Amino acid sequence: MWKKLTGSFALAFDNIRSHFFHTLLSVLGMVIGVASLVAILSMIDGMEKFARDQIKNTTSLNAITITPVTDRVVNGVSIKKDSLAVITYDQLQSLKSTLSREASMALSVVQSTEVKVSGTGYPIGTMVMYSNHLTKPVEDGEPLKLFDEEDLKQKRKYAVVNSAFVKIAYKNAYEVAVSFIVLERDTFHVTHALGDTASKRPFVFVPITTMSNQFFQSNPPQLAVEAFKSSDVSQLKSDVLAWIKKTFPNHLDQFSVQTNDHRLEQAARGFTLFRIIMGLIVSISIVVGGIGVMNVLLISVTQRTVEIGVRKAVGANKRDIVMQFLCEAITISVFGSITGLLFGMLFTTAAIPIINMLVKIKFQAIFSLETISLISVIAIVVGIVFGTYPAIKASRLDPVEAIRKE
């Protein structure tokens, strides 16, 4: 069996070599189809990686967000709830002790409002963050200090402002050190101003413990749990859900617990759909290449009618003839597939610098082994499918009639 198989492939190679240009032109559709499929799928893989990197850079995939549900739906109408279940700073400490994995936690409320600065007679529109943050992260350099742990425990009415606020409210740095601001009818001492920050909007930071429960009913805080390791997110989410169930047994529906990995899943589904659609469109060229394979083999059957008759006359059966032409179909398909893969990779490699120059981003195509293997298998299967008919036709030739045609 193995000897017959190797002999069939050797015969197929000889036939392709003797009709090289004819074979190349006949499988040109397959070459173009495979090259196009390689180029498109490798670029889509690169686009997906680029999108994933962008999502990771703009969104923390280690974060678990616990958001209060402020509305209820009645007859399809969203109605604001009369009272809300609110996570307090003390409860935050309780949650921290129940977590089975290491994580940082931030309880915060951000609102736009007006504040009055001592020494000025006009209100200043600003963003206010009520938070338990002790520092404010910055893109470059050390984190900027906001408060001490003792400030939170003692509920000190301190405030920290950013550089954009300073430019609007003060004339010099001395005024910052001695100033007070009125916020929510309470007076806060401005302890210091942050240095140059990326935000161009005025910001005021105050300890979240200084605000009353009545304030939180109108402005419920959001809790963010940041896992130190991505692998801990699932377990931490389970811990948070268990804590909410225990702490708020009658208000389980008042919190929405979400992670950001769904964004990656949405992007992956979108690219998978795009990959399938583009693959189906480009695969038409591979089918055309399969027709070319069938054309080559039908011509081969016509040219080698006498040879087939002689082989059948000396004892070759139908299976031997079918095997001979299927081996030839596989060889032609592999030849077209390899040629298409090489052209596709060369074209993509040459096109990437041009794309990067036009869109001015760092984008790279990805030639994955899975993609190349899948394309090769598809091309070979198409070749076999379209080579089956000529093989069967050759096996059904009558040896006497075939020899008589000489």
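Notes on the structure follow.

Let us look at the environment of Ala169. Along the chain, Ala169 falls in helix H6 (residues 163–169). Take Ala169: its relative accessible area is 8%, and that puts it in the buried class. Each C-alpha atom, one on Ala169 and one on Ile124, is 7.5 Å from the other, the two residues being 45 residues apart in sequence.

Phi is positive for Lys155, which is not a glycine, with a value near 55°. Assignment of secondary structure puts Lys155 in the loop between helix H5 (149–153) and strand E8 (158–161).

Here the focus is the pairing of strand E4 (residues 103–117). With 6 bridges connecting them, E4 and strand E12 (residues 222–227) associate as antiparallel partners. What sits directly across from Ala106, in E12, is Ala224. Two elements, E4 and strand E5 (residues 123–131), share 9 bridges in a ladder whose sense is antiparallel. Along E5, the bridge assignment pairs Val115 with Ile124. When E4 meets strand E9 (residues 180–183), the two strands line up antiparallel, connected through 2 bridges. In the sheet register, Val117 faces E9, and the bridge partner there is Ile181.

This brings us to helix H9 (residues 233–247). Between its first and last C-alpha, H9 extends 21 Å over 15 residues, near the 21 Å set by a 1.5 Å rise per residue. Taken residue by residue, H9 has Val233, Leu236, Asp239, Val240, Trp243 and Ile244 as its buried positions. One side of H9 carries all its buried residues, which in axial view fall inside an arc of 135°. Relative to its buried face, H9 has exposed residues pointing more than 90 degrees away, namely Ser234, Lys245 and Lys246.

What follows deals with the side chain of Asp45. With respect to the secondary-structure elements, Asp45 resides in helix H3 (residues 28–58). Of the residues examined, Asp45 reaches a relative accessible area of 14% and is grouped as buried. Leaving out residues up to four positions away in the same chain, Asp45 has contacts with Arg275, Ile366, Ser368 and Thr371.

Along helix H4 (residues 89–98), the residues classified as buried are Tyr89, Leu92 and Leu95. All buried residues of H4 fall inside an arc of 100° around its axis, so they share one side. Exposed and facing more than 90 degrees away from the buried side of H4 are Asp90 and Ser97. At its buried positions, H4 is contacted by E4, H5, E12 and H9.

The rules behind each value
- Residues numbered from 1 in each chain as written.
- Predicted model: local features only at pLDDT ≥ 70, side-chain atom pairs only at ≥ 80, totals over all residues.
- Heavy atoms only, no water.
- Helix = DSSP H or I, 4+ residues; strand = E, 2+ residues; numbered from the N terminus.
- Buried < 20%, exposed > 50% of the residue type's maximum accessible area, 1.4 Å probe, protein only.
- Pairing = 2+ DSSP bridges.
- Expected span 1.5 Å × (residues − 1).
- Arc of directions from axis to C-beta.
- Contact = heavy atoms within 4.5 Å.

Interpretation note: all reported values are geometric properties and have no functional meaning in isolation.
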